[in-house]
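Survey of secondary and tertiary structure
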Amino acid sequence: MERTSSIRRKAVIRQHKAEVMIAGEQLRLRLHDAKLIKDRRYHLRTYPNCFVAQELIDWLVSHKEAPDRATAVCLMQHLMDHEIVHHVCDKRSVFKDAKLLYRFRKDDGTVPFNMEVKIFMRGQRLYEHLIGDKNSIMQLREEQAVSYQRAFPGCQLIDWLLQNGEAESRRQGLGLCRALLENGIIHHVANKHDFIDSGLLYQFCINFRRRRRLSELLNESKQDNDGGVAHEDNHSDSPSVECRHLTTNSAFHSVGSSKDLKQVTSGRRGSLNSLQLHSAAFPPLVSSTSVTRCNPKSVLRGTVTCEKLLAPGAPFIKKVLTVLGDTLGWGFVVRGSSPCYVQAVDPGSPAAAAGVKVRQFVCHLNGQCVLYLDYRTLNRLVMTGPRTVVLEVMEPLE
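Residues numbered from 1 in each chain as written. Predicted model: local features only at pLDDT ≥ 70, side-chain atom pairs only at ≥ 80, totals over all residues. Heavy atoms only, no water.

A word on helix 2 (residues 53-62)
How we decide: Burial classification: accessible surface area is computed with a 1.4 Å probe over protein chains only, and a residue below 20% of its type maximum counts as buried, one above 50% as exposed, and the rest as partly exposed. The secondary structure listing takes helices from DSSP runs of H or I that are at least 4 residues long and strands from runs of E that are at least 2 residues long, numbered from the N terminus. Throughout, the arc means that of the directions going from the helix axis to the C-beta atoms.
Of the residues making up helix 2, those classed as buried are Ala-53, Leu-56, Ile-57, Trp-59 and Leu-60. Across the axial projection of helix 2, the buried residues extend over an arc of 160 degrees, all falling on one side. Lys-64 lies just past helix 2 and shows a positive phi near 60 degrees.

Focus on the pairing of strand 1 (residues 38-42)
For the record, the criterion: For two strands to count as paired, DSSP must find a minimum of two bridges between them.
In terms of burial, strand 1 is a largely internal element, four of the five residues being buried. When strand 1 meets strand 2 (residues 45-52), the two strands line up antiparallel, connected through four bridges. Residue Arg-40 lies in a different strand from strand 2, and its bridge partner there is Tyr-47. From the end of strand 1 to the start of strand 2, which pair antiparallel, there are two residues, and His-43 there has a positive phi angle of about 55 degrees.

Some thoughts on helix 5 (residues 154-163)
For an α-helix, the turn length of 3.6 residues means that residues three or four places apart are oriented alike. Our working rule: Residue contacts are defined here by distance: any two heavy atoms, one from each residue, within 4.5 Å place the two residues in contact.
Those residues of helix 5 that fall on the buried side of the exposure criterion are Gly-154, Leu-157, Ile-158, Trp-160 and Leu-161. Axial view of helix 5: buried residues confined to an arc of 155 degrees, hence all on one face. On its buried side, helix 5 packs onto helix 4 (115-132), strand 6 (146-153), helix 6 (170-182), strand 7 (186-188) and strand 8 (201-204). Downstream of helix 5 by a residue or two, Gly-165 has a phi angle that is positive, lying close to 70 degrees.

Notes on the packing of aromatic side chains
Quick note on the threshold: Any two rings among Phe, Tyr and Trp, with Trp reduced to its six-membered ring, count as a pair given centres within 6.5 Å; such a pair is stacked if its planes are under 30 degrees apart, edge-to-face if over 60, and tilted if neither.
On inspection of all chains with the given rule, the structure shows seven aromatic pairs. Summarising the aromatic geometry, the rings of Phe-51 and Phe-104 are spaced 5.7 Å apart at their centres and angled 55 degrees between planes, so their arrangement reads as tilted. One end of the pair, Phe-51, is in strand 2; the other, Phe-104, is in strand 4 (residues 101-104), with 53 residues separating them in the sequence. Among the residues examined, Phe-51 registers a relative accessible area of 1% and is labelled buried. Classification of Phe-104 by relative accessible area gives buried; the value is 1%.

A closer look at the packing of helix 5 against helix 6
Rules: The axes used here are C-alpha line fits, helices contributing only the stretch in contact, and every angle between their N-to-C directions lies in the interval 0 to 180 degrees. In this scheme the crossing of two helices becomes right-handed for a clockwise turn of the near helix relative to the far one and left-handed for an anticlockwise turn of less than a right angle. Throughout this entry, Asp, Glu, Lys and Arg are counted as charged residues, while Ala, Val, Leu, Ile, Met, Phe, Trp, Tyr, Cys and Pro are counted as nonpolar. The remaining residues, Gly among them, count as polar.
Two elements in contact, helix 5 and helix 6, have axes separated by 9 Å at closest approach and are oriented at 115 degrees. The hand of the helix 5/helix 6 crossing is right-handed. Between helix 5 and helix 6, the residues in contact are Cys-155, Leu-157, Ile-158, Asp-159, Leu-161 and Leu-162 and Arg-170, Gly-173, Leu-174, Leu-176 and Cys-177, respectively. Residues of the contact of helix 5 with helix 6, tallied by class, amount to eight nonpolar, one polar and two charged.

What about the environment of Ile-57?
For Ile-57, the location among the structural elements is in helix 2. We classify Ile-57 as buried; its relative accessible area is 0%. Setting aside residues no more than four positions away along its own chain, Ile-57 makes contact with Arg-69, Ala-72, Val-73, Met-76, Phe-95 and Asp-97.

So, in structure tokens, the structure goes:
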């Protein structure tokens, strides 16, 4: 029982982190739509996909996301503390209502990759698949004479994982389900049990599709300072009562000054990332002791032109890949121009599941030739197109 209580406390903390991640991602998408996130120029240097703090505070107040500027600053500081937003040069750990440039880490590929983030991404993907399944195992069920919406037996979830290739064995499926529970993604309906391969009922603690209001983050912060108060989510899609707490972990040092900024362009996102994570071919862009780079070094091993790709007998193989995007995106990053290439792939993303790999060259997108476009135009086509992306790529022969 003591171990179960400890796991539950940790799950509540991790669940709150997940809620903050979702709220931050929803805000990022809205700011892209509002064109507040743009490439901007400062001291003869262009900073891609960033926003001016002062303009963002104006937007938060005008859109009633915050009642006043001081509250809006607190909200953004909360996102900074959770490493969702950062100063473009990592010279400030405090969010200021001034003409300073900040950026979402998802827009420059510096999201810290750890097991919690990986489990969160996996849980979200599973939730999306289950919620969209016509014969979903998430149904109205009863345990101990109490009814629970969108509940599923533990044994059926493991069966589903095996049938859909999410686990290779029941043991592996059980391990995944226990990790989801320990990270606050799922829980026993009455919070009385760990995950067991049995008929006990479980639910997702998080409704990934519900829109979060930023003001909720500060309310939860106050509840945590008061010793932790249960918060009931009255949204119709919420499966259960959620208890949330606040943790912070700022990781940067403060130096620097502010000056006026000049806007350069009004482009949309420069990346297609769900989370830009590193692999053996793509070194990590950020660590706890290093300064991040705005434009990571190309992963290509040499210069490749369109003529070289299309030449008879060229050492490339053509593949057609279908990527079904989730609520965080598609999970890959493109760079370059004529041709564009895949710079990074999130290992737990829809792109990775579809077979997208680093150093693939993008030739066609949804039947349209994109071989001679730059990555910004390609990004825009993906963002404004359907959720399902069909890619024709050229992959180097190893």
